[in-house]
Amino acid sequence: MDLSLPPLVSQLCDLLQNPSFPGQLASAIRTASRSQAQEPLYLRVDASLVNEQHRTLPNGVFNLGCIDLRDGGLAPLSLPTPAPSPDAQDDGGGISIEPISALPSDFADTRPFKRHKTVSGLRLPHTSRSKTGRTNSSYHDLEGNKTHDKASKSIRQVESDTRFPQRAKPGLGLEPPVLEPTSTDKLIAGIWKQVYSPVELSRDFSNIQPAFNIRSAPSSEVFKSVNALCLKYYNRSQSSRALEMIVQAFWVECFEARTAVLRYEKPILSKTEARMIAIREACVVLNWKEKDLRNRMAIWRGYKEIKDYGGWASLVFASAGVYRFCKYRSEFGEVLFSRLRHIRSGLEVAADTLHPGWRDMLRVIQQDTSAVYYGNPHEWVITAEDAALPLASTYGNLNLPDGFKYQFVDECVLDETVFAAKDPRRVSELDPDVCPVCHEKQSDAVTENQCSCYPTLFGGVHGPIPVQIFRTANGKNNGVVACCPFARGTAIAEFTGLITTGIEGRDVMIGGSRGRTYQIYQGNMGNFTRFINHSCRPNSQFQRFYWRGVERILVVSRGVDAGCEITVDYSDRYWRELDKKCLCGEACCRFAGGGNVRKAKG
């Protein structure tokens, strides 16, 4: 039988936001085809009326109809269908097929999916309820909530789903309207993009000369020399533009101060008369006409206002579009100023930690300031319109003897006391030179690599990830916010930490497959992925990917807009093990009453 699904089934899955069902249905069709030869198969669509606890009400089950899986047409309602078996799984929206089997998966846990199955990936293994399997000590979770032995077996396990996030299917009429970004949106996006770029800003420009004769044959060395020359002049042009805006913004301050002095010296002058005198004084030196200077002053005043509300960093790292933005001044007002105040501390954190020498440019106006923030950008927690806080200070409620200590690492660290020098993530069955997804060559050398599945993390040019840790306002302590947008299917980061095993009573990520399991523990080391919060409507997911034959666990975007908190779904099983209340605040929240509320439903 053709395993391609009818368009009607795909439309139902998209409408009910259930991307996992097509794979389950395809698996069930294969199983049924082997056992029933060429007999026709039908998909029965049921609907259930449930209460707030998802319990089916009496007489609340309805048969909506059947779909012929051969041609995608509707089958008569009188089509005989077997009664639902106790093992039949309802994957949301009332779409089901009997019988249904667990999805086959390489290197995967093959347990059947439960209700509210998501591809986010945090999955709990079945744990023993015996006394010997419990720990009597209590511990604190990532956000400082004290959890006793009732939840000591909570283990975060990533789902072994290696599929990419499904792209939206065009032509279904389900796409929400997309608003064009405003000029303010473009300005702020350009500032963040420049901050997280590798541009090098400096007041001093050395003699820029190519190392080779670039007019000779285009050899590899000549091409490298031209690239280096291009980079040097790019950095120089960016620095010159930033210095120009710094001086021009400072000029406006001096102009206003000079106007005030003139009125103080000659009280008879009106404010307009004093301004005209100051303009004439400037034109003598600048050798410009008064009209030309007044036109430029409007732009320079915009530079000053951006600096006043967003700090010097917002002006220094402003994109090229800031000139037109200040020239037309169509969106100058409280909305712009409020947004600049909101991101001011975050910009300074990113600028100080990623471009430590940027403040040296302010010496051109004789302003000597030292860096306020240092170290890893994620060692600071952004707060609303206030100075950023050290990460350790936000976990003072844990009352740890030596305080909260966390080491940021870009790669996972192998616990050699457990695994010696053998990395449990390596899969011997995989060719380390071939990507199992796109079947292209994988290489750590950018010029040789052909795999483009996740170029921002593997096989491409790497840059700082445009995210920051921020203080949430809804009681979840810290979270992770995206400074720049992440398109659907884009890898945000790898889940890093200590590769170990045998940890109980703490949140860990479990990887590998049966007979080859390991844990990624982020208690003392890792990256910002530790601080990603749960949501019942997440905008990202955990995903397995194999790079050079080694299993990696990634956080992949489902479509994250700039300024939005990055969230994942910790899964039903995770919450059933915890006596905690979900604080995601979504209308579809499944655990607003606490994780154990639904535990009895299994």
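Residues numbered from 1 in each chain as written. Predicted model: local features only at pLDDT ≥ 70, side-chain atom pairs only at ≥ 80, totals over all residues. Heavy atoms only, no water.

A. How the structure looks around the overall build of the chain. Per the secondary structure count, the chain includes 10 helices and 21 strands. For the chain, buried positions account for 45% of its 602 residues. Long-range contacts, defined as pairs at least 24 residues apart, comprise 68% of the intrachain contacts of the chain with a sequence gap of at least 6. Of the roughly 31,600 Å² of accessible surface on the chain, 53% is carried by carbon and sulfur atoms. (Helix = DSSP H or I, 4+ residues; strand = E, 2+ residues; numbered from the N terminus. Buried < 20%, exposed > 50% of the residue type's maximum accessible area, 1.4 Å probe, protein only. Contact = heavy atoms within 4.5 Å. Areas by Shrake-Rupley, 256 points an atom, 1.4 Å probe, with all protein chains shown as cover.)

B. Representation of the nonpolar core in the model. One finds Trp-192, Tyr-303, Trp-312, Val-316, Phe-317, Val-322 and Cys-326 to be the most contacted residues of the largest nonpolar core, which totals 50 residues. Those elements that place two or more of their residues in this core are α3 (183-195), α4 (220-265), α5 (271-286), α6 (290-316), α7 (322-328) and α8 (334-354). For this core, the element with the highest residue contribution is α6, accounting for 10 residues. The residues touching Phe-317, leaving out its near neighbours within four places in the chain, are Gly-190, Ile-191, Gln-194, Val-195, Leu-201, Ala-351, His-355 and Trp-358. Leu-398, Cys-536, Tyr-574 and Cys-584 belong to the second largest nonpolar core, which has 38 residues in total. (Core = buried A, V, L, I, M, F, W, Y, C linked by side-chain atoms within 4.5 Å.)

C. Summary view of unusual backbone geometry. Although it is not a glycine, His-439 adopts a positive phi angle of roughly 60 degrees. Given a relative accessible area of 60%, His-439 falls into the exposed group. Phi is positive for Arg-548, which is not a glycine, with a value near 55 degrees. Along the chain, the position of Arg-548 falls in the loop between β19 (540-547) and β20 (550-557).

D. A look at the side chain of Thr-567. Positionally, Thr-567 belongs in strand β21 (residues 567-568). Since its relative accessible area comes to 7%, Thr-567 is described here as buried. Excluding anything up to four places from it in sequence, Thr-567 contacts Ile-532, Asn-533, His-534, Ser-535, Arg-537, Pro-538, Asn-539 and Ser-540.

E. Examining the sheet that holds β20 more closely. Strand order in the open sheet formed by three strands is β13-β20-β19, with antiparallel pairing between adjacent strands. The outermost strands of the open sheet, each flanked by one partner alone, are β13 (491-494) and β19. The average undirected angle you get between the axes of adjacent strands in this sheet is 35 degrees. With eight bridges connecting them, β19 and β20 associate as antiparallel partners. Note that in β20 the partner of Ser-540 across the bridge is Ser-557. (Pairing = 2+ DSSP bridges. Axes fitted to C-alpha atoms, helices over the stretch in contact; angles between N-to-C directions.)

F. Just a nonpolar patch on the surface, in detail. On the surface, Leu-49, Leu-57, Phe-62 and Leu-64 cluster together into a nonpolar patch covering about 370 Å² of accessible area. In terms of residue count, strand β2 (residues 56-68) provides more of the nonpolar patch than any other element does, three residues in total. Turning to its location among the elements, Leu-49 is positioned in strand β1 (residues 42-50). Classification of Leu-49 as partly exposed rests on a relative accessible area of 46%. (Patch = residues over 30% accessible without salt bridge, like charges linked within 9 Å, V, L, I, M, F, W, Y side chains within 5 Å. Salt bridge = Lys/Arg side-chain N within 4 Å of Asp/Glu carboxyl O.)

G. Quick peek at the pairing of strand β16 (residues 516-521). Counted residue by residue, β16 has five buried out of six residues, so it is predominantly covered. Where strand β15 (residues 509-513) and β16 come together, five bridges link them in antiparallel fashion. Across the sheet, residue Gly-512 finds its bridge partner in β16, namely Thr-517. Here β15 hands over to β16 after two residues, with Gly-515 in that stretch at a positive phi of 85 degrees.

H. Region of interest: the environment of Pro-6. When you line up the elements, Pro-6 lands in the segment before α1 (7-15). On the accessibility criterion, Pro-6 (7% relative accessible area) is buried. Sequence separation of Pro-6 and Asp-71 is 65 residues, and the distance between their C-alpha atoms is 7.0 Å. The residues touching Pro-6, leaving out its near neighbours within four places in the chain, are Asp-68, Leu-69 and Gly-72.

I. Representation of the pattern of salt bridges. If you walk through the whole model with that rule in mind, you get 25 salt bridges. The salt bridge partner of Arg-203 is Asp-360, with a shortest N-O separation of 3.3 Å. With Arg-203 in the loop between α3 and α4 and Asp-360 in the loop between α8 and β7 (380-383), this pair connects stretches of sequence that are 157 residues apart. Given the relative accessible area of 28%, Arg-203 is considered partly exposed.

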